[in-house]
Amino acid sequence: MSKDLYIYNSLSRNKDLFQPLNAPFVGLYVCGPTVYANVHLGNCRTFMFFDVVYRYLTHLGYKVRYVRNITDVGHITSTFDDGVDRIGQQARLEQLEPMEIVQKYTNYFHEVMRVFNNHSPSIEPTATGHMIEQIEMIKKILDQGFAYEVNGSIYFDVQAYRAKYPYGELSGRNVEELYENTRTLDGQDEKKFFADFALWKAASPEHIMRWPSPWGEGFPGWHLECSAMSTKYLGEQFDIHGGGMDLKFPHHESEIAQNTACCGKGPVKYWMHSNMLTVNGQKMSKSLGNSFLPHELFAGDHPLLEKGYTPQVVRFFMMQAHYRSTLDFSNDALNAAEKAYERMMSAYESIEQCKPSTESDADISALEARCYAAMGDDFNTPILIAELFEAVRLINGCKNGQQALTAEQLTHLKTIMDHFLMDVMGLQAPEASADHELPNVMMDAVFAVRKGLKERKDYATADLLRDAFAERNIVLKDTKEGGEWTYEKK
Ligand code: AMP
Ligand code: ZN
């Protein structure tokens, strides 16, 4: 049975056979969140997908070092640097220390990753914890003649770099075409060439997050941290670098240029980019105002949502699309995912109830081989799910006496589902994720009691119950189906 893995490499624009640089070890770097706001579901799609990459490589027996950073320095987010420090800006808005902002949103991020059953990375380095490495990298790039200093800022010299190395290979962008968009942005007057980007920016007096450097007080450019931290923990060349499609340019293109300028070679063998979660065809993003927070989705607490969905259903929904396709968010799609997830899990949980036969015409090994083939074809989770529904069909057939399966085959089916549903896709059977549902289950009981009290016309006690919750900021609302509750901070 072949377990070959082909990965669509954004750099070669091909599905390349995965051959680690130093098997059985694999180095995997994924750009982490910028912690100035709650991660939204779009961000979660990307992190969930790379969790599957990590899980599958581990399942194949590789010893994976998975590095996912936390961007906790003011992240400069437009195509070219516009000088806005998001964390500093949020700190002013919330009247908190920048590091309180960083901690607050890192905590939320970790909680969300846990609820979605993502594995923790092997190393989660922060940009602020790697100032020395970043400054050292800038020094090397300066020494190689690919950067220059102006007024305490250091810029990457794209023209000097282009004279020696190709620039723009990953994104396929032609530098000249970008000229129109960049003229008005911050720092343009300091740059030799409009496409040069900051490795280090001198801090203006009002800039809060700042560090000493050989060039005066300032802060590192957005792209530098990933170059410095991936090199530190995975080496000058490593296997896989991932992130959302929107990071290809300028972030990853700049990473390649920085690493190559510093070390004389491209850093990454396989570049992987996952596609966007969209809402009505538009990229989900905080700035467009169309983003949902994970807990809004769980509670169904958003005008665009008809009801809530468990984290496992949301994960299943994400797995039903291939990572290089966009995935559009809709109530219909989520409802369909919920039904499919329940059908899958109830078959999984009922394997033990199947009566084994002594003979069977089913070919379970072929089914298993097709599961590996699906994952081996650039992590094709939707095909994998279709194959697992073939397992569901066999199990259900066995239960209603229409499909003979031997005891050995039933055990084999259970193993396949354990491997691919649980270990690889990171799904959990409903009771394993029940702790997230516990508040809802308890509130259902509260509504049942309230209904009983009202039927007995004991309105005083029913009100007492409502008021007791209200005191704890939980608002109860009776509905035809039972009731709804929301947590409302005073
Ligand atoms: P950021 O914190 O903005 O750097 O984003 C963290 C990760 O989420 C990056 O890999 C982005 O590419 C990814 N991302 C942002 N928006 C979306 C979206 N709508 N769908 C999928 N991934 C996204
Ligand atoms: Zn990055």
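Keep in mind the model is a prediction, meaning the values are calculated, not measured. (Residues numbered from 1 in each chain as written. Chains lettered and ligands numbered in written order. Predicted model: local features only at pLDDT ≥ 70, side-chain atom pairs only at ≥ 80, totals over all residues. Heavy atoms only, no water.)

Comments concerning the sheet that holds strand β7 (residues 198-202)
Using the following cut-off: Only strands joined by at least two bridges in the DSSP assignment are considered to pair. A run of DSSP states H or I qualifies as a helix once it reaches four residues; a run of E qualifies as a strand once it reaches two. Both are numbered from the N-terminal end. Between N-to-C directions, angles cover 0 to 180 degrees, with each direction set by a line fitted to C-alpha atoms, over the stretch in contact for helices. In this analysis, two residues are considered to be in contact whenever any of their non-hydrogen atoms come within 4.5 Å of each other.
On the basis of which strands lie adjacent, the open sheet formed by four strands has the order β5-β6-β7-β8 and antiparallel pairing. The sheet is open, and its two edges are formed by β5 (147-150) and β8 (218-220), each paired on a single side. Neighbour to neighbour, the strand axes of the sheet diverge by 20 degrees on average, direction disregarded. Relative to β7, helix α4 (residues 131-143) is tilted by about 115 degrees, and along the sheet it contacts β5, β6 (153-156), β7 and β8.

Description of the coordination of the zinc ion (ligand 2)
Rule in force here: Each metal's donors are the N, O and S atoms found within 2.8 Å of it, except that Na, K and Ca use a 3.2 Å limit; water is left out, so coordination can look incomplete. Here's how the labels work: a residue is buried when its accessible area is under 20% of the maximum for its type, exposed when over 50%, partly exposed in between, all with a 1.4 Å probe on protein chains only.
Protein coordination at the zinc ion (ligand 2) comes from C31 (SG), C226 (SG) and H251 (NE2), with a distance range of 2.1 to 2.2 Å. Of the residues examined, C31 reaches a relative accessible area of 6% and is grouped as buried.

Section: the domain arrangement of the chain
To keep it simple, the criterion reads: Where each domain starts and ends comes from a domain assignment, either automatic or drawn from a database.
Once the domains are mapped, the chain shows domain 1 (6-274), domain 2 (311-424) and domain 3 (440-487). Between domain 2 and domain 3, the C-alpha centre-to-centre distance is 39 Å.

Here's the deal with the environment of D363
Cut-off, in case you're wondering: Whenever two N or O atoms come within 3.5 Å, that pair is a polar contact, provided that in protein one can donate a hydrogen and the other can accept it, and provided that, for residues adjacent in sequence, both atoms are side-chain atoms.
Secondary-structure assignment places D363 in the loop between α11 (331-349) and α12 (364-376). C-alpha separation for the pair D363 and Q409, spaced 46 residues apart in sequence, amounts to 8.6 Å. Polar side-chain contacts of D363 include one of 3.4 Å to the backbone nitrogen of S365. A polar contact of 3.1 Å, which involves the side chain of D363, links it to the backbone nitrogen of A366.

Quick look at the sheet that holds strand β12 (residues 282-283)
Within a sheet, neighbouring strands are paired by backbone hydrogen bonds and run either parallel or antiparallel to one another. One open sheet accounts for three strands, arranged β12-β11-β13; its pairing is mixed. The open sheet is flanked by β12 and β13 (327-329), the only strands paired with a single partner. As paired strands, strand β11 (residues 277-279) and β13 are joined by three bridges and run parallel to one another. Looking across to β13, one finds that V279 is bridged to F329. Those strands touched by helix α10 (residues 311-319) are β11 and β13, and its axis lies near 140 degrees from that of β13.

Thoughts on the pairing of strand β1 (residues 6-9)
Residues I7 and N9 point to one face of β1 and are all buried, whereas Y6 and Y8, pointing to the other face, are not buried. Here four bridges tie β1 to strand β2 (residues 14-17), and the two strands are oriented antiparallel to one another. Its bridge partner being in β2, Y8 is matched across the sheet by K15. The turn joining β1 and β2, which pair antiparallel and follow one another in sequence, is formed by four residues; a positive phi near 60 degrees is taken by R13.

Focus on the pairing of β7
Most of β7 sits out of view: four of its five residues are buried. In terms of strand pairing, β6 meets β7 through two bridges, oriented antiparallel. Counterpart to I154 in the pairing with β7 is W200. By the bridge criterion, three bridges tie β7 to β8 in an arrangement that is antiparallel. For W200, the partnering residue across the bridge sits in β8 and is P220.

Re the state of the cysteines
Heads up, the rule is: Criterion for a disulfide: a pair of cysteine sulfur atoms within 2.5 Å.
One pass over the full model with this rule turns up zero disulfides. There is no disulfide at C262, and the cysteine sulfur nearest it, in C263, is 3.7 Å away. With no disulfide of its own, C371 lies closest to C354 among cysteine sulfurs, the gap being 17 Å. Of the residues examined, C371 reaches a relative accessible area of 0% and is grouped as buried.

Here's the deal with the nonpolar core
Taken as a class, soluble globular proteins show a tendency for nonpolar side chains to be buried jointly. Our working definition: The term nonpolar core refers to a set of buried residues drawn from Ala, Val, Leu, Ile, Met, Phe, Trp, Tyr and Cys, joined through side-chain atoms within 4.5 Å.
Counting 139 residues, the largest nonpolar core has L41, F156, F329, F379, L388, M417 and F420 as the members making the most contacts within it. At eleven residues, the largest contribution of residues to this core is made by helix α1 (residues 41-59). The residue makeup of this core includes at least three contributed by each of domain 1 (6-274) and domain 2 (311-424). When near neighbours in sequence (up to four residues on either side) are disregarded, F379 contacts L5, I7, F49, V53, Y56, M272, H322, Y323 and A374. Grouped together as the second largest cluster of nonpolar side chains are six residues, M443, F469, I474 and L476 included.

Concerning the site of ligand 1
The condition that has to hold: Any residue with at least one heavy atom within 4 Å of a molecule or strand is counted as near it. In this description, accessible areas are obtained by the Shrake-Rupley approach with a 1.4 Å probe, and a residue is regarded as covered only by the protein chains that are shown.
If you check the shell around ligand 1, you find 17 residues, and the closest are G42, T46, D246, L277 and M284. Note that a nitrogen atom of ligand 1 is positioned 2.7 Å from one of the side-chain N or O atoms of T46. Relative to its free-state accessible area of 490 Å², ligand 1 is covered by the protein chains to the extent of 89%. Elements that contribute at least two residues to the shell around ligand 1 include exactly α1 and β9 (238-244). Looking at which element gives the most residues to the shell around ligand 1, the answer is α1, with four residues.

Remarks on the pattern of salt bridges
The criterion, for reference: The term salt bridge refers to a side-chain nitrogen of Lys or Arg lying within 4 Å of a carboxyl oxygen of Asp or Glu.
On inspection of all chains with the given rule, the structure shows 23 salt bridges. The partner of R324 in a salt bridge is D378, with the nearest N and O atoms 2.8 Å apart. Separated by 54 residues along the polypeptide, R324 in the loop between α10 and β13 and D378 in the loop between α12 and α13 (381-399) bring together distant segments of the chain. The class of D378 is buried, set by a relative accessible area of 0%. The network of salt bridges with common partners includes D51, R55 and R315.

Some remarks on the packing of aromatic side chains
Going by this rule: Any two rings among Phe, Tyr and Trp, with Trp reduced to its six-membered ring, count as a pair given centres within 6.5 Å; such a pair is stacked if its planes are under 30 degrees apart, edge-to-face if over 60, and tilted if neither. In this analysis the charged atom, NZ for Lys or CZ for Arg, is taken to sit over a ring once it is within 6 Å of the ring centre and within 35 degrees of the ring normal.
For the coordinates displayed, the defined rule picks out 22 aromatic pairs. Pairing F47 with F109 gives two aromatic rings, centres 5.3 Å apart and planes at 70 degrees, and the pair type is edge-to-face. Linking F47 in helix α1 with F109 in helix α3 (residues 98-115), this pair joins segments that are 62 residues apart in sequence. Considering the side-chain rings of F49 and F379, the 5.9 Å spacing of their centres and the 85 degrees angle between planes classify their relative orientation as edge-to-face. With F49 in helix α1 and F379 in the loop between α12 and α13, this pair connects stretches of sequence that are 330 residues apart. Overall, the relative accessible area of 1% leaves F379 in the buried class. A network of ring pairs unites the aromatic residues F146, F156, Y161, Y165, Y167 and F197 as a single cluster. Lying over the aromatic face of F47, R68 brings its terminal NZ or CZ to 5.6 Å of the ring centre.

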